[in-house]
Amino acid sequence: MSTKEKVLEKKEVKSKESKLHEIILYNDDYNTFDHVIETLIVACDHVPEQAEQCALLVHYKGKCSVKTGTYKDLEPRCGKLLEEGLTAEIV
């Protein structure tokens, strides 16, 4: 009786990493600081200080990345920002 050996090939398994996206919030002449801050707290789960800093960056720089994550996570958040009259997009 002969013994047969089976050789198992090593397969390299790559974990599929989800590409991260960002919500970019843009400056406008319509929304107040308070409205922007309150909306960021609700839509993006910011703490008040973080929301205030983002609002100031948007005001002085014209835009700011307010949230990073997967597209699936960011889509409803960006939708909330847009519903509240803010100008934002996912990149």
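Note that the structure is predicted; figures quoted are calculated from it, not measured.

### A few points about the nonpolar core
- With 19 residues, the main nonpolar core has Ile23, Leu25, Leu40, Val66 and Leu81 as its most contacted residues.
- Those elements that place two or more of their residues in this core are β1 (21-26), α1 (33-44), α2 (48-61), β2 (63-69), α3 (71-83) and β3 (87-90).
- Looking at which element gives the most residues to this core, the answer is α1, with five residues.
- If we ignore the near neighbours within four places in the chain, the residues touching leucine 81 are Ile23, Thr39, Leu40, Ala43, Cys44, Val66, Leu86 and Ala88.

### Quick word on the sheet that holds β1
- Strands sit in the order β2-β1-β3 across an open sheet of three strands; the sheet is antiparallel. Looking at the sheet topology across the chains shown, the edges are occupied by β2 and β3. Looking at each pair of strands side by side, their axes are set apart by 20° on average, direction ignored.
- Pairing analysis gives six bridges linking β1 to β2, with the strands arranged antiparallel.

### A short note on the packing of α1 against α3
- Contact geometry of α1 with α3 gives a least axis separation of 9 Å together with a crossing angle of 155°. Viewed along their axes, α1 and α3 adopt a mutual orientation that is roughly antiparallel. With respect to the hand of their crossing, α1 and α3 are arranged in right-handed fashion. Contacts between α1 and α3 involve Thr39, Leu40, Ala43 and Cys44 on the former and, on the latter, Arg77, Lys80 and Leu81.

Conventions used here
- Residues numbered from 1 in each chain as written.
- Predicted model: local features only at pLDDT ≥ 70, side-chain atom pairs only at ≥ 80, totals over all residues.
- Heavy atoms only, no water.
- Core = buried A, V, L, I, M, F, W, Y, C linked by side-chain atoms within 4.5 Å.
- Buried < 20%, exposed > 50% of the residue type's maximum accessible area, 1.4 Å probe, protein only.
- Helix = DSSP H or I, 4+ residues; strand = E, 2+ residues; numbered from the N terminus.
- Contact = heavy atoms within 4.5 Å.
- Pairing = 2+ DSSP bridges.
- Axes fitted to C-alpha atoms, helices over the stretch in contact; angles between N-to-C directions.
- Parallel < 35°, antiparallel > 145°, perpendicular 65-115°, else oblique.
- Left-handed = near helix turned anticlockwise from the far one by under 90°.

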